Amino acid sequence: MRVDVITIFPEYLTPLDVSLVGKARRRGLLDVRVHDLREWTHDRHRTVDDTPYGGGPGMVMKPEPWGEALDEVTGGFGAEEPAPGPEAAGTPAPVGAPRPVLVVPTPSGTPFTQRIAAELAEEEWLVFTPARYEGIDRRVIDAYARRMEVRELSVGDYVLAGGEAPVLVMVEAVARLLPGVLGNAESHRDDSFADGAMASLLEGPVYTKPLEWRGHEVPEVLLSGHHGRISRWRRDEALRRTARNRPELLRVVDVETTDRADRAT
Ligand code: ADE
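Per chain, the residues get numbers from 1 upward, laid out in the order the sequence is written. Per-residue local features are limited, in this predicted model, to residues with pLDDT of at least 70; the limit for side-chain atom pairs, both in listing and counting, is 80 or more; totals at the level of whole chains, interfaces and linings are taken over all residues.

The protein chain is annotated in an unreviewed UniProt entry as tRNA (guanine-N(1)-)-methyltransferase from Streptomyces lonarensis. UniProt positions are given in the numbering used here, feature names are shortened, and annotations may be inferred rather than shown by experiment. UniProt's Subcellular location (unreviewed entry) comment on the protein chain is quoted here verbatim: "Cytoplasm". For the record of the protein chain, the UniProt heading Sequence similarities (unreviewed entry) holds the text "Belongs to the RNA methyltransferase TrmD family."

1. Considerations on the overall build of the protein chain
The helix and strand tally for the protein chain stands at seven helices and nine strands. Three classes are used. A residue is buried when 20 or more other C-beta atoms lie within 10 Å of its own, exposed when 12 or fewer do, and partly exposed in between, with C-beta atoms placed from the backbone. The proportion of buried residues among the 265 residues of the protein chain is 25%. Any pair of residues counts as being in contact when their C-beta atoms, constructed from backbone geometry, are within 7 Å of one another. Put simply, 75% of the contacts in the protein chain that link residues at least 6 apart link residues at least 24 apart. Starting at the N terminus, helices and strands are each numbered in turn, a helix being any DSSP run of H or I of at least four residues and a strand any DSSP run of E of at least two.

2. Re the nonpolar core
Linking buried Ala, Val, Leu, Ile, Met, Phe, Trp, Tyr and Cys residues through C-beta atoms within 7 Å yields a set, and such a set is a nonpolar core. In this structure, V103, M170 and V171 are the most contacted members of the largest nonpolar core, which totals 42 residues. Residue contributions to this core peak at seven residues, all from helix α5 (residues 164-175). V171 has contacts with V3, L16 and V21, leaving out every residue within four places of it along the chain.

3. Observations regarding helix α6 (residues 227-245)
With 19 residues, α6 should reach 27 Å at 1.5 Å per residue; the first-to-last C-alpha distance of 26 Å fits that figure. Those residues of α6 that fall on the buried side of the exposure criterion are R234, R235, A238 and T242. Within α6, the buried residues cover an arc of 100° as seen down the axis, which keeps them to one side. For α6, exposure combined with an orientation more than 90 degrees from the buried face picks out D236 and R244. Each helix should span, by expectation, one fewer than its residue count multiplied by 1.5 Å. What the arc covers is the set of directions going from the helix axis to the C-beta atoms.

4. Considering the pairing of strand β1 (residues 2-7)
Counting buried positions along β1 gives five out of six residues, so the element sits mostly inside the fold. Strands pair, by our definition, only if DSSP identifies at least two bridges between them. Relative to strand β2 (residues 31-36), β1 runs parallel, the two being bridged by six bridges. Bridging from a neighbouring strand, V3 pairs with V32 of β2. The handedness of a crossover follows from its direction of travel: if, with the strands pointing away from the viewer, the path from the first strand over the helix to the second runs clockwise, the crossover is right-handed. In the classification by handedness, the crossover that spans β1, the intervening helix α1 (residues 19-26) and the parallel β2 is right-handed. Strand direction decides the pairing type here: β1 and strand β6 (residues 125-128), joined by four bridges, are parallel. Its bridge partner lying in β6, R2 is registered against W125.

5. Focus on the UniProt feature "binding site: S-adenosyl-L-methionine" (unreviewed entry) in the protein chain
Per the UniProt record, the feature "binding site: S-adenosyl-L-methionine" (unreviewed entry) sits at V155, G156, D157, Y158, V159 and L160. Along the chain, the position of D157 falls in the loop between β7 (149-154) and α5. By secondary structure assignment, the location of V159 is in the loop between β7 and α5. Judged by C-beta crowding, with 9 C-beta atoms within 10 Å, V159 ranks as exposed.

6. Considering the environment of G28
For G28, the location among the structural elements is in the loop between α1 and β2. Looking at G28, the number of C-beta atoms within 10 Å reads 8, which means it is exposed.

7. Let's talk about the sheet that holds β6
The strand order across the open sheet built from five strands is β2-β1-β6-β5-β7, with neighbouring strands paired in parallel fashion. Edge strands, defined here as strands with exactly one partner in the open sheet, are β2 and β7. Going from strand to strand, the sheet's axes swing by 25° on average, the running direction of each strand aside. For strand β5 (residues 100-111) and β6, the ladder comprises four bridges, and the chain directions are parallel. When the bridges of β6 are listed, V101 appears paired with L126. Contacting β1, β2 and β6, helix α2 (residues 63-73) crosses the sheet at an angle of about 160° to β1. Between N-to-C directions, angles span 0 to 180 degrees; the directions come from axes that are lines fitted to C-alpha atoms, helices contributing only their stretch in contact.

8. Notes on the environment of V206
Within the secondary structure layout, V206 lies in the loop between α5 and β8 (212-213). On the neighbour-count criterion, V206 (8 C-beta atoms within 10 Å) is exposed.

9. Focus: the packing of α2 against helix α4 (residues 138-145)
One can describe the packing of α2 onto α4 by two numbers: an axis separation of 9 Å at closest approach and a directional angle of 25°. By the angle between their axes, α2 is roughly parallel relative to α4. Handedness of the α2/α4 crossing: right-handed. Only R139, V140 and Y144 of α4 make contact with α2, whose side of the interface consists of P63, W66, G67 and L70. Classification used: nonpolar for Ala, Val, Leu, Ile, Met, Phe, Trp, Tyr, Cys and Pro, charged for Asp, Glu, Lys and Arg, polar for all others including Gly. Of the residues assigned to the contact of α2 with α4, the class counts are five nonpolar, one polar and one charged. By definition in this entry, angles of less than 35 degrees are roughly parallel, angles greater than 145 are roughly antiparallel, angles of 65 to 115 are roughly perpendicular, and the rest are oblique. For a crossing to be left-handed, the near helix must be turned anticlockwise from the far one by less than a right angle; the clockwise case is right-handed.

Now the structure itself:
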């Protein structure tokens, strides 16, 4: 997968060099390119923002640098395509040509979830546009939405100083779903929020050696070697934790699926 990030703080993205994402890059599973938006400014002060039309607090990111940056980074993708209309409908994209998906982090976006992470992990090419200030001039998003798929995504109901931290969150959530990135192909199957037998449940507690630590023992069932009992216990713990921490998730637990998984063990 290719990932481009256009930002006025390229150094903010240096965590993408370390840990799981850094390793995936070094192994050639992920091609991450970070670009400085100011490279596409032409004035002495390398200006990327201006005052908002209509007044109000804060500054808005100017459309020109974003337009030039996106044209260059995406290789002009979609620029020559006819505007969507009846005659353009059904025009196939060139076979095998990578299509960029533009990911716009914004607190006004739809919530970024594990399901969306999985959808993005299916794409070949993600282009992130983390904004500062009050956001990017709307015409940029609207113009590129006519040329490519655009996803405006929020990482939570709070306002950060910019979209860079959300990019780190989203790239990590997506990268760990890419084939070959996690050591064990199964290891994200039972993640909290993953699809599968434990769909919509939070993960329960985990234990490792030693058997006794400061007088506290590992739950006996985990030592039983009985896979059926162990998976039922894990499901019950997951339910308990979900009821306590995220009761609203229990409305969508598929009891049928979890029961069927129990019977299969
Ligand atoms: N930029 C600022 N706050 C954000 C949030 N919660 N999600 C995505 N982008 C943001």
